[in-house]
Amino acid sequence: MNKYAYYPGCSIKGSAKQYEESLFSVCNTLGIELEELPDWNCCGATMYVSVDEKISFALSSRNLVMAEETGMDLMAPCSACYVVLKKTQDYIQKYPEIRASVDKALTAADLVYRGTVRVRHPLEIFINDVGIEKIKSSAKQKLDALKIACYYGCQIVRPFQEFDHPCYPESMDNIFRTLGAQTVDWAFKTRCCGGSLTGTIEEVGLRLNYILIKEAQRKGANCIVTICPLCQFNLEAYQHKILKKYRDFSEMPVLYFTQIMGLGFGIAPEKLGVKRSIISPNKIIEKLTVPKGQDETQIPVSS
Amino acid sequence: MHIKREVKYQSDLSPDFTEWITSVPGGEHIKECIQCGTCSGICPMSIYMDVTPRRLMAMTNAGFEKEVLSSFTIWLCASCYSCAVNCPKEIKITDVMYALKRRAIEENIQPHPKFTIPILARAFFDTVKKYGRISESMLVVKLALKSGITMLLGMAPLGLKLMRTGRMAYTQDKIKNRKQIKKMFNALEAKA
């Protein structure tokens, strides 16, 4: 049994509940145990480093210290949390002045940072610790009706990680192909969704997401799958607004990679938070739930 | 006769500004910028910017302090790091953008008086300072109260959808040990 300290982040407790639900279900199937950090604080995302750099690194290091105390690796499923934690570790090591201010803040709070904890994203854990073989052997439901546009977003693959290519990653594609799904080859895997800009400069945000969804559709995908709460939210929740603005647009479901893995493992959609979708994925999921024994040719596969 | 001069003399620029940016973590290599344009080419935001990233690097290097700090560009950067991982001179452009945002907030310079991003950053910061965590829906309400009620009304259909799917938080999430966070803030803020 693999056990990890778990840093959910604010989004997962709010608009990304289905990510946590499906993550827990998938981890359960794969024999991964998660222990939530007892009193974690917000990572700061892109926001507090825009106001105060020292405080942003100090607050982020508080989470690292708590994770270190558990002695386990730290799983951070949100890309923003992941990149902030990784960056904090990197910068504490590289810049003595950042180390000094972090230490000053931590000392005031009776905490000590040693720099021993490993920050990890579930995608990387599934690939490296669980392994593709185990994922394959856990598969119960063939996903061949799915044509997935894997959307990695920006922050998970850049610039503080080593597990995949920073512009053209493939790890998620590999998992889904192992589970029998098709993945489309597209150039926008890591093209930014706009992050918080969708909430602040809506026009730009809507256009960025319009471009992403449009391209996924052009490549023949029937769903987009993400690994980050903000990407999922931007891509899914603003589709009604995009629809109003761009006449040639049509809706498309946007799911989390853990939801798709869960479906492949034969986990019931209710346990994967599928009903929390704003754009219902039922149409594509129904294609999967063909009763056993039925002729395989009857499963409609989009060409 | 007075000729209106468009080109700035070197004496109109701020050499201190250039010095400052090279002292910021991530900005060390900015003077090595070769103006290749990789950043502008790869940036998904550059077509929405008033100044492209390449040009902004040149302006920062030359000391165009006011023009740089009042550009929309620094706020349109969504921190996707694609410039930073592709820059041949390893300039951490994303960190430079962050530093410029901080400086603009410090100096109270905005590209437009009704611009909401610095307000959001501030609201986010203050919420974490107080509670240690963010609740997205609370943050949106806070932002709307500061930037106008029409924005809140515009968000209503989405809000309803989030409520229906159980993705809306109705309370402000808090950490238990808020004292600890306060101590950390105090330690860093009391340096002056």
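Residues numbered from 1 in each chain as written. Chains lettered and ligands numbered in written order. Predicted model: local features only at pLDDT ≥ 70, side-chain atom pairs only at ≥ 80, totals over all residues.

J.: Help me out: how do you make sense of the overall build of chain B in this one?
T.: The number of helices and strands found in chain B is 11 helices and 0 strands. In chain B, which comprises 192 residues, the proportion classed as buried is 40%. Partitioning the intrachain contacts of chain B with sequence separation of at least 6 by distance along the chain shows that 63% fall at a separation of at least 24. (Helix = DSSP H or I, 4+ residues; strand = E, 2+ residues; numbered from the N terminus. Buried ≥ 20, exposed ≤ 12 C-beta atoms within 10 Å, placed from the backbone. Contact = placed C-beta atoms within 7 Å.)

J.: Can you help me understand the overall build of chain A in this one?
T.: Within chain A, the regular secondary structure consists of 13 helices and 8 strands. Relative to the globule expectation of 19 Å for 303 residues, the C-alpha radius of gyration of chain A, 20 Å, shows essentially globular dimensions. Once the C-alpha set of chain A is aligned to its principal axes, its extents read approximately 65 × 45 × 30 Å. Out of the 303 residues belonging to chain A, those deemed buried represent 57%. Put simply, of all contacts in chain A between residues at least 6 apart along the chain, 79% involve residues at least 24 apart. (Rg over C-alpha atoms; globule rule 2.2 N^0.38 Å.)

J.: In this structure, what is going on with the pairing of strand β2 (residues 32-36) of chain A? I would like to understand it.
T.: Two faces make up the sheet, and in a regular strand the side chains alternate between them. Residue and element names in this part refer to chain A. With 5 bridges connecting them, strand β1 (residues 2-6) and β2 associate as parallel partners. Within β2, the residue paired with Tyr 6 across the bridge is Glu 36. Considered for its hand, the β-α-β crossover made up of β1, helix α1 (residues 17-29) and β2 is right-handed. (Pairing = 2+ DSSP bridges. Right-handed = clockwise from strand over helix to strand, strands pointing away.)

J.: Would you explain the nonpolar core in this entry?
T.: Looking at soluble globular proteins, one finds that nonpolar side chains tend to be buried together. Counting residues in hydrophobic clusters, the biggest one holds 152 residues, and the most contacted among them are Tyr 7, Ile 148, Cys 223, Ile 224 and Val 225 of chain A together with Phe 124 of chain B. For this core, the leading source of residues is helix α3 (residues 79-94) of chain A, giving 8 residues. Ile 148 of chain A has contacts with Phe 176, Ala 181, Gln 182, Thr 183, Val 184, Ala 221, Cys 223, Val 225 and Ile 260 of chain A, leaving out every residue within four places of it along the chain. (Core = buried A, V, L, I, M, F, W, Y, C linked by C-beta atoms within 7 Å.)

J.: Honestly, the sheet that holds strand β3 (residues 74-75) of chain A in this entry has me stumped. Any pointers?
T.: Picture the strands of a sheet paired through backbone hydrogen bonds; they go either parallel or antiparallel. All names here are of chain A. Strand order in the open sheet formed by 4 strands is β2-β1-β3-β4, and the pairing between neighbours is parallel. Of all strands in the sheet, those with a lone pairing partner are β2 and β4 (119-120), marking the two edges. Bridge analysis of β1 against β3 gives 2 bridges, and the strand direction is parallel. Paired with Ala 5 across the bridge in β3 is Leu 74.

J.: Which parts of the structure should I look at to understand the sheet that holds strand β7 (residues 223-226) of chain A?
T.: Residues and elements named next belong to chain A. Strand order in this open sheet of 4 strands is β6-β5-β7-β8, and the pairing throughout is parallel. Looking at the sheet topology across the chains shown, the edges are occupied by β6 (182-183) and β8 (254-256). Here 3 bridges tie β7 to β8, and the two strands are oriented parallel to one another. Considered in β8, the bridge of Val 225 is made with Leu 255. Sheet strands in contact with helix α12 (residues 257-264) are β5 (147-151), β7 and β8, and its direction is about 75 degrees off that of β8. (Axes fitted to C-alpha atoms, helices over the stretch in contact; angles between N-to-C directions.)

J.: Please explain the domain arrangement of chain A as it appears in this structure.
T.: It is common to report an interface's size as the accessible area lost on association of the parts. Residues and elements named next belong to chain A. Taken domain by domain, chain A comprises domain 1 (2-120) and domain 2 (139-298). Distance from the C-alpha centre of domain 1 to the C-alpha centre of domain 2: 26 Å. On the side of domain 2, 24 residues touch domain 1, which itself brings 22 residues to the contact. Among the secondary structure elements, those contributing two or more residues to the side of domain 1 that touches domain 2 are α1 and α3. When residues of the side of domain 1 that touches domain 2 are assigned to their parent elements, the largest contribution, 9 residues, is made by α1. Residue classes in the side of domain 1 that touches domain 2 are distributed as 9 nonpolar, 8 polar and 5 charged. (Domains from an automatic or database assignment. Nonpolar A, V, L, I, M, F, W, Y, C, P; charged D, E, K, R; others polar.)

J.: I would appreciate a short explanation of helix α4 (residues 96-108) of chain A in the present structure.
T.: An α-helix turns once every 3.6 residues. As a result, residues three or four positions apart point the same way. Relative to the 18 Å expected for 13 residues at 1.5 Å per residue, α4 of chain A spans 18 Å between its end C-alpha atoms, a close match to the ideal helical length. For α4 of chain A, every residue scored as buried is listed here: Ile 98, Ser 101, Val 102, Ala 105 and Leu 106 of chain A. Down the axis of α4 of chain A, the smallest arc covering the buried residues is 130 degrees, so these residues share one side. Exposed residues lying more than 90 degrees from the buried face of α4 of chain A are Pro 96, Glu 97 and Ala 100 of chain A. Residues of α4 of chain A that are buried sit in contact with α2 (53-70) and α3 of chain A together with α11 (178-189) of chain B. Immediately beyond the C-terminal end of α4 of chain A, within one or two residues, lies Asp 110 of chain A, with a positive phi of roughly 60 degrees. (Expected span 1.5 Å × (residues − 1). Arc of directions from axis to C-beta.)

J.: In this structure, what is going on with the interface of chain A and chain B? I would like to understand it.
T.: Each partner contributes to the interface: chain A provides 49 residues, whereas chain B provides 50 residues. Contributing elements (two or more residues each) for the side of chain A that touches chain B: α2, α4, α8 (197-200) and α9 (202-218) of chain A. Broken down by element, the residue count for the side of chain A that touches chain B peaks at 6 residues, all from α2 of chain A.

J.: Explain the confidence of the model for chain A here, please?
T.: Detailed reading of predicted coordinates is not advised where the pLDDT is low. Summarising the model, chain A shows a mean pLDDT of 91, and 95% of its residues fall at 70 or more. Low confidence marks residues 293-303 of chain A, where pLDDT is under 50. Its contacts with residues over four positions away, or in another chain, come to 11 contacts. (pLDDT = per-residue confidence, 0-100.)

J.: When you look at the packing of α2 of chain A against α11 of chain B in this model, what are you seeing that I'm missing?
T.: Axes are the key here: two packed helices are described by the angle between their axes and the distance separating the axes. For the pair α2 of chain A and α11 of chain B, the least separation of the axes is 10 Å and the interaxial angle reads 150 degrees. The orientation of α2 of chain A with respect to α11 of chain B, classified from their angle, is roughly antiparallel. Crossing geometry of α2 of chain A relative to α11 of chain B is assigned as right-handed. Residues Lys 54, Ile 55, Ala 58, Leu 59 and Arg 62 of chain A of α2 of chain A pack against Ile 181, Met 184, Phe 185 and Leu 188 of chain B of α11 of chain B. (Parallel < 35°, antiparallel > 145°, perpendicular 65-115°, else oblique. Left-handed = near helix turned anticlockwise from the far one by under 90°.)

J.: Looking at this structure, how should I read the environment of Ile 12 of chain A?
T.: Residues and elements named next belong to chain A. Locating Ile 12 in the fold gives a position in the loop between β1 and α1. Residue Ile 12 is classed as buried on the basis of its 21 C-beta neighbours within 10 Å. Along the primary structure Ile 12 and Leu 212 are separated by 200 residues, whereas in three dimensions their C-alpha atoms are 23 Å apart. When sequence neighbours within four positions are dropped, the list of residues in contact with Ile 12 reads Tyr 19, Glu 20, Pro 77, Cys 78 and Pro 229.

J.: Help me understand unusual backbone geometry, please; the structure alone is not making it clear to me.
T.: Generally, phi is negative for residues other than glycine and the peptide bonds are trans, each holding for most cases. Residue and element names in this part refer to chain B. The phi dihedral of Glu 90 is positive, around 55 degrees, even though this residue is not glycine. With respect to the element layout, Glu 90 can be found in the loop between α6 (82-86) and α7 (93-106). On the neighbour-count criterion, Glu 90 (14 C-beta atoms within 10 Å) is partly exposed. Not every positive phi belongs to a glycine, and Asn 108 is a case in point at roughly 60 degrees. Position of Asn 108 relative to the elements: it lies in the loop between α7 and α8 (117-131).

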